Structures are given as C-alpha cells and as structure tokens.
Amino acid sequence: LRRVGPESFDVGEASRAEVYVSGEALFDDMLAAIASATERILFESYIVKGDDMGQRFKAALIAAAERGVAVYVIYDGFANIVVKRSFFKFPEPIRVLRFPVFPRTFAIFSPRAWGRDHRKILVVDDRIGFVGGYNVGSLYANQWRDTHVCVFGSAVWDLENAFIDFWNGVCPDEQLRPLSAATWDPHVRAHRNVPRQLIYPIRGMYLEAIDRATSTIEITQAYFIPDRNILDALVEASRRGVRVRILIPKVSNHVVADFVARSYFGRLLDAGVEILRYSDHMVHAKTMTIDGEWSTIGTANIDRLSLTGNYEINLEILDPGLADGMSRIFARDAIRSEPMSAEEWHRRPTISRIYERVLRPWRPLV
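We now turn to the structure provided with this report. Predicted model only: the values in this text are computed from it and were never measured.

Brief notes about the nonpolar core
Then step 1. Residues Phe 27, Ile 41, Phe 43, Phe 57, Val 71 and Phe 130 are the most contacted members of the largest nonpolar core, which totals 45 residues.
Then step 2. Those elements giving two or more residues to this core turn out to be α1 (23–36), β3 (40–45), α2 (52–66), β4 (70–76), β6 (120–124), β7 (128–132), α3 (138–142) and β9 (148–153).
Then step 3. Non-local contacts of Phe 130, meaning those with residues more than four positions away in its chain, are made with Tyr 20, Leu 26, Asp 29, Met 30, Ala 33, Lys 120, Ile 121, Leu 122, His 148, Val 149, Cys 150 and Leu 159.
Then step 4. Formed by 38 residues, the second largest nonpolar core is a distinct cluster that contains Ile 230, Ala 233, Leu 268 and Ile 275.

Okay, structure coming up:
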C-alpha cells in the first residue's frame, strides 16, 4: 500500500476531521502530535506490537514525559499476550493500565467482565484526537488497508471523555478529569460500548442509520457477521430500493470468521445486496456511509464480539463533505475488489458449504 496523506474536512462550525487510509501517514501524524504535546497524552490501543513502529511510539511517549507531559497508556492484555511484558514497562511518571486477560475471580460468570478493550484512541492536550481501526505496528503501516480519523475542535472532548471514563472505571484510586468543559456538537457524536455497564449503543446506531437510508449504504468491514436484526435491516433496505454495498476482505486474518460470514451471503445476494471482496490486502476498516450525509468511523466490527461484547468506540458524523470523501474512498477500494454474484455464490464448491454448515454454531461467539 502506498503512502497517502489524509483528506481534510470541515465538520460543522466547531470541528475539523482528517481521514486516513494510509498507516504510514497516520503513524507519522500521531507521532508528530505526541511530539507537540505540552499538557497530557492519553494513548489507548488494542494491539501495540513490540516492533520498530511500537518502539517509535514508546520512545515518543517517554520523551513527552521527560519534558513534563502527563502520559497515560492503556493496552489490552489478551491482544498483546505474544508481546513481551517488558515492552510495556515505562519509566515513571508514565501511568500504564494493562486491561487484564481474565476477570476477577468472583466476576467470572458475569457478562460485564469479559469484554476486551478493542478501542484505539490517542488524545493530545484536548486539542487533537485520533480514533479508528489501526492498531500500532509495522505490519499495519503498509500491509493492511484500514481507516482512521483525526478530529480537531469540540469533537475531541468526546474522545478524551471516553478514555477518562474507562480509566476511572478501572482505576478508582487515580481519577482523571477533562482538560476542558463538555461540548455539544450536533455534527459529531461518539458512541461507546461499555460492557461493565451493559451499554451497547453502537449496534443501535447502525440499525437506526440503516433504517433511515433512502438511496445508498456503503459498508466496509473486516469481519462482517451481522445478527438477525442487522441482516433483516440490510435486506429490507435493498428491497425498498436502496443500493447496499458491503466491502469485505477476500481472505481475512481469521479463517473461521470468513466461513461464518459467508453463511449470510446467500440471503443478502438474493435480496440484491452487492458484496465486494477486497483482494489487494487485508482490509480492516470499520466504516459506513449512508445517503451522502451520514458516516461512521471507529473500532467496532459488525459482529457479536464488537456489538455486544467488547469495549468499542465509533464516531457518528453528519456532514455531506466528509460523506462524499468516504464515498470516494469506497469507490477506490471497490476498483480493487471482486464483486460476487448470486449465481456465483450458489455455484460454490460443496466443500465450502460443508465448512459453512460445520461452523454455523460459532455464529454467537464471533
């Protein structure tokens, strides 16, 4: 994947957004933001590889702390189980929260306790915030196709508050406070899944947006395993004349998820939904654009783990300019994708049908 700079959009009167589809450009700008920090850095990532890119981020965070910036780091223990624990040892006064692999003994039977921290957030000085699908590592810089967004202005508060609420919920003895007052931006809203409170608004956001669609729905997903309500909503949208297109990886990094997802293709294709399989690289983006007006960019896949299991965060953005930019990104990705027809699907090999049937019981778990 070649390095491509971000596309910039004014969102309403109080915010600006930049959309990244290049990991190299994103990581350069994230590191530059860290280098510019003067007050506080909030850094949260599901995966941080201990490779060259991960080391660059670690060094930048340490350098910021050495010049007096308050630095807070959150990472998921399970997602980084193959990364040496020593990599996440930062010098004082950097504060590091490792989200535990297993819940506390007495919480093991509670659904509130099993969600992973799948979020990717960077907030610098409450003036710039990043969120999206990119984890941190050299692999993601130029070998995966992903999407991230950087926001400036009033929209940053939502990302800062999301980090603070998570930190304060896990670390009650060390409470953080926002650097600025809360804002209400009608053009940008952050939706957060919070398993410990059994709150999962991102699924509702998707359903409401699909229900309102009148002309187009463009979805890019790494792991597309919809529940019955989302599946029904997409089928109904297509039948009422909405052009529904879903772009997914031709082959993802989770083979089981691929075969489970394929068991939904027949009903979608028969209803006129277009399925595009991205063939160049692993596509890991989590985005949707509807009617040239509404977009979402974030960390949540359309699957059970993201929508009713993990800690996730998505920005909902109402802006025609940004939506137009997202549609152009989708169109470029579509050129690099292989469309699947209903006829082709129904002629698939018997062995594929067997795999799909055998893996069907896994639907509630992925």
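Now that the structure has been shown, we can carry on.
Quick notes on the sheet that holds strand β1 (residues 7–11)
Then step 1. Read across the sheet, eight strands follow the order β1-β2-β9-β7-β6-β3-β4-β5 without closing on themselves; strand pairing throughout is mixed. In this open sheet, the two strands that pair with only one neighbour each are β1 and β5 (95–99). Taking the axes of each pair of neighbouring strands and ignoring which way they run, one obtains an average angle of 15° across the sheet.
Then step 2. Here β6 pairs with β7 via four bridges, running antiparallel. Bridging from a neighbouring strand, Val 124 pairs with Ile 128 of β7.
Then step 3. Contacts from helix α4 (residues 156–170) reach β3, β4, β5, β6, β7 and β9 within the one sheet, and its direction differs from that of β3 by about 75°.

Describing α4
Then step 1. The end-to-end C-alpha separation of α4 is 22 Å, in line with the 21 Å expected for 15 residues at 1.5 Å each.
Then step 2. Along α4, 12 of the 15 residues are buried, which leaves the element largely enclosed by surrounding structure.
Then step 3. Restricting attention to buried positions, one finds in α4 the residues Val 156, Trp 157, Asp 158, Leu 159, Glu 160, Asn 161, Ala 162, Phe 163, Ile 164, Phe 166, Trp 167 and Asn 168.

Things to note about the pairing of strand β16 (residues 294–298)
Then step 1. The buried count for β16 comes to five of five residues, which makes it a mostly enclosed element.
Then step 2. Every second residue of β16 is oriented toward a common face, with Trp 294, Thr 296 and Gly 298 on one face and Ser 295 and Ile 297 on the other, all of them buried.
Then step 3. For strand β15 (residues 286–290) and β16, the ladder comprises four bridges, and the chain directions are antiparallel. Across the sheet, Thr 289 pairs through a bridge with Ser 295, a residue of β16.
Then step 4. The turn joining β15 and β16, which pair antiparallel and follow one another in sequence, is formed by three residues; a positive phi near 60° is taken by Asp 291.
Then step 5. One ladder, built from five bridges, connects β16 with strand β17 (residues 312–318); its direction is antiparallel. Bridge pairing in β17 places Ser 295 opposite Ile 317.

Observations concerning the pattern of salt bridges
Then step 1. Across all of its chains, the model carries 22 salt bridges by this definition.
Then step 2. The shortest N-O distance in the salt bridge between Arg 16 and Glu 18 comes to 2.9 Å.
Then step 3. Owing to a relative accessible area of 29%, Arg 16 belongs among the partly exposed residues under this scheme.
Then step 4. Since its relative accessible area comes to 14%, Glu 18 is described here as buried.
Then step 5. A salt bridge links Arg 119 to Asp 117, with the nearest nitrogen and oxygen atoms 3.8 Å apart.
Then step 6. The exposure class assigned to Asp 117 is buried, which follows from its relative accessible area of 0%.

Thoughts on the packing of aromatic side chains
Then step 1. Under the definition given, this model contains 13 aromatic pairs.
Then step 2. Between Phe 87 and Phe 88, the ring centres sit 5.0 Å apart and the planes meet at 80°, which makes this aromatic pair edge-to-face.
Then step 3. Phe 88 sits in the buried class, given a relative accessible area of 7%.
Then step 4. On the basis of an interplanar angle of 80° and a centroid distance of 5.6 Å, the ring pair of Phe 99 and Tyr 311 is categorised as edge-to-face. Note that Phe 99 is positioned in strand β5 and Tyr 311 in the loop between α9 (304–308) and β17, a separation of 212 residues in sequence.

Some points on the packing of helix α5 (residues 201–212) against helix α6 (residues 228–239)
Then step 1. It is at 9 Å that the axes of α5 and α6 come closest, and there the two elements cross at 15°. With respect to their mutual orientation, α5 and α6 come out roughly parallel. The chirality of how α5 crosses α6 is left-handed. Across the interface between the two elements, Arg 203, Leu 207 and Ile 210 from α5 touch Asn 229, Ile 230, Ala 233, Leu 234 and Ala 237 from α6.

About the criteria used
- Residues numbered from 1 in each chain as written.
- Predicted model: local features only at pLDDT ≥ 70, side-chain atom pairs only at ≥ 80, totals over all residues.
- Heavy atoms only, no water.
- Core = buried A, V, L, I, M, F, W, Y, C linked by side-chain atoms within 4.5 Å.
- Buried < 20%, exposed > 50% of the residue type's maximum accessible area, 1.4 Å probe, protein only.
- Helix = DSSP H or I, 4+ residues; strand = E, 2+ residues; numbered from the N terminus.
- Contact = heavy atoms within 4.5 Å.
- Pairing = 2+ DSSP bridges.
- Axes fitted to C-alpha atoms, helices over the stretch in contact; angles between N-to-C directions.
- Expected span 1.5 Å × (residues − 1).
- Salt bridge = Lys/Arg side-chain N within 4 Å of Asp/Glu carboxyl O.
- Phe/Tyr/Trp six-rings, centres within 6.5 Å; stacked < 30°, edge-to-face > 60°.
- Parallel < 35°, antiparallel > 145°, perpendicular 65-115°, else oblique.
- Left-handed = near helix turned anticlockwise from the far one by under 90°.

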